[in-house]
Amino acid sequence: MATVLKTKPKKPFSISPNPSLLYLTPSLKSTIHKVHYVIENRQGLTAILGDIGLGKSSLLRYLHGQYVGREDVVTALMPSPNFPSDFAFLKSLCGDFGLRPRRSMVDQEQELRGFLVSLYSEDKTAVVFIDEAQRLTGKMLELVRVLLNFETEDTKLIQIVLAGQLELRTKLLDPTKKAIRSRIFAPSLLAPLSLAETREMISFRCEQAQMPNPFPELSVEAIYAVTGGVPREVLKVCAVALDMAQLSGEERIPPEAIEVAAGEALLHE
Ligand SMILES: Nc1ncnc2c1ncn2[C@@H]1O[C@H](COP(=O)(O)OP(=O)(O)O)[C@@H](O)[C@H]1O
Ligand SMILES: [Mg+2]
């Protein structure tokens, strides 16, 4: 007897930072362009700032994915820099590049510098993507500045892309951080989606999951009204609304259902 293989139900509104589910709005495209510019021109440091849920982690993974396979680039992705010290931070970064741990900060810096110089001599560069960068302590930010001092006459030996919540901006605005702040090239500030972008993002997610879009225009407007276009909130409300509709066998989700779904989605925070 043949077994019927059930295909796994697709989850169009998942909130994991999966870069392939990122709908590229003009503003995200412009951020991507800026980051490319900084990396390709070896400008050293750039930052992507924004409130939670606006797509920083997804975007950082998207960018990392673009560089990870390149022969002229060595990459490291730090999803969360929760290190007990700046030395631990440096050791972890070196570990990502396959370098051995050394006993002192100075030796570890030398190890990294030697590696970066040898990359440079092969026409390569190192790119580090650091997510949740608002967690970097003052000392770690100082280390980032030191790494940016590894340079030749015309180019930085390491490129660093920070993604962080707005607290990072506050931290960088502190007068003691002037040295690192002045090195940030073309920073980007992410904003919520517009109504049109919310509509396009929802329909993009449905396409990716190969399902018809269950949200008519008025429902999209209701979603936008309750979420302010913050992608993570949009997805949470959509996920709950879809779940409720599937339970009751509805194919179209009316605007009245959005308020109920939003209440539920918030309850589950
Ligand atoms: N432009 C977008 N298109 C599709 N999904 C998005 C978009 N921006 C954010 N998301 C989704 O929203 C959720 C939260 O994004 P995330 O990258 O974790 O935000 P942040 O790191 O800023 O808190 C993720 O599921 C992400 O895929
Ligand atoms: Mg994040």
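Conventions used here
Residues numbered from 1 in each chain as written. Chains lettered and ligands numbered in written order. Predicted model: local features only at pLDDT ≥ 70, side-chain atom pairs only at ≥ 80, totals over all residues. Heavy atoms only, no water. Core = buried A, V, L, I, M, F, W, Y, C linked by side-chain atoms within 4.5 Å. Buried < 20%, exposed > 50% of the residue type's maximum accessible area, 1.4 Å probe, protein only. Helix = DSSP H or I, 4+ residues; strand = E, 2+ residues; numbered from the N terminus. Contact = heavy atoms within 4.5 Å. Domains from an automatic or database assignment. Buried area = accessible area lost by both parts, 1.4 Å probe. Salt bridge = Lys/Arg side-chain N within 4 Å of Asp/Glu carboxyl O. Nonpolar A, V, L, I, M, F, W, Y, C, P; charged D, E, K, R; others polar. Near = heavy atom within 4 Å. Polar contact = N/O pair within 3.5 Å; in protein donor to acceptor, adjacent residues only side chain to side chain. Areas by Shrake-Rupley, 256 points an atom, 1.4 Å probe, with all protein chains shown as cover. Axes fitted to C-alpha atoms, helices over the stretch in contact; angles between N-to-C directions. Parallel < 35°, antiparallel > 145°, perpendicular 65-115°, else oblique. Left-handed = near helix turned anticlockwise from the far one by under 90°.

Asks: Got a sec to walk through the nonpolar core? Specific residues and values, please.
Replies: Across soluble globular proteins, you tend to see nonpolar side chains buried next to one another. By size, the foremost hydrophobic cluster in this structure holds 35 residues, and its most contacted members are F97, L112, L116, L147, I160 and L162. Put simply, the parts of the chain that give this core at least two residues each are β1 (45-49), β2 (73-78), α3 (86-96), α4 (105-121), β3 (125-130), α5 (138-148), β4 (158-164) and α6 (166-173). Looking at this core element by element, the count peaks at 6 residues for α5. Aside from chain neighbours lying at most four places away, what touches L147 is L90, L93, L112, I158 and I160.

Asks: Mind laying out the environment of F185, listing which residues take part and the relevant values?
Replies: Relative to the elements of secondary structure, F185 occurs in the loop between α7 (178-181) and β5 (188-189). Among the residues examined, F185 registers a relative accessible area of 30% and is labelled partly exposed. In this structure, the C-alpha to C-alpha distance between F185 and S57, residues 128 residues apart in sequence, is 19 Å. If we skip the residues at most four places from it in the chain, F185 touches Y37, V38, Q43, L45 and T46.

Asks: Please give an account of the domain arrangement of the chain that cites residues and values.
Replies: Under the domain assignment, the chain is made up of domain 1 (24-189) and domain 2 (195-267). Relative to domain 2, the C-alpha centre of domain 1 lies at a distance of 36 Å. At the interface, 5 residues of domain 1 touch 4 residues of domain 2. Both sides together, the interface formed by domain 1 and domain 2 hides about 370 Å², and carbon and sulfur atoms give 63% of it. On the surface where domain 1 and domain 2 come into contact, there are 0 salt bridges. For the side of domain 1 that touches domain 2, a count of residues per class yields 3 nonpolar, 2 polar and no charged.

Asks: So, the environment of V237: which residues are in play, and what are the values?
Replies: Note on placement: V237 falls in helix α10 (residues 231-247). Considering only alpha carbons, one finds V237 and Y224, 13 residues apart in sequence, at a separation of 9.9 Å. Residue contacts for V237: discarding those within four places in its chain leaves I223, V226, T227, I258, A261, A262 and A265.

Asks: Break down the site of ligand 1 for me, with residues and values.
Replies: Of all residues adjacent to ligand 1, which total 20 residues, the nearest are Y23, G53, K56, S57 and S58. Backbone polar atom of L54 to an oxygen atom of ligand 1: 3.3 Å apart, as the coordinates give it. Look at ligand 1: alone it shows 550 Å² of surface, and the protein chains cover 97% of it. Here the residues of the shell around ligand 1 are counted per class, giving 10 nonpolar, 6 polar and 4 charged. Looking at the shell around ligand 1, you find at least three residues from each of domain 1 (24-189) and domain 2 (195-267).

Asks: Can you break down the packing of helix α8 (residues 195-208) against helix α9 (residues 217-227) residue by residue, with the values?
Replies: Interhelical geometry of α8 versus α9 gives an angle of 115° and a closest axis separation of 10 Å. As the angle between them shows, α8 and α9 are arranged roughly perpendicular. When you trace α8 past α9, the crossing you get is right-handed. Counted together, L195, T198, R199 and I202 of α8 and E217, V220, E221, I223 and Y224 of α9 form the full contact between these two elements. A per-class count over the contact of α8 with α9 returns 5 nonpolar, 1 polar and 3 charged.

Asks: Break down the pattern of salt bridges for me, citing the residues and quoting the values.
Replies: Scanning the model with the defined rule gives 10 salt bridges in all. The partner of E151 in a salt bridge is K156, with the nearest N and O atoms 2.8 Å apart. On the basis of relative accessible area, E151 is assigned to the partly exposed category, the value being 39%. Here R199 makes a salt bridge to E217, at a shortest N to O gap of 2.7 Å. Within this pair, whereas R199 is found in helix α8, its partner E217 is found in helix α9, the two being separated by 18 residues in sequence.

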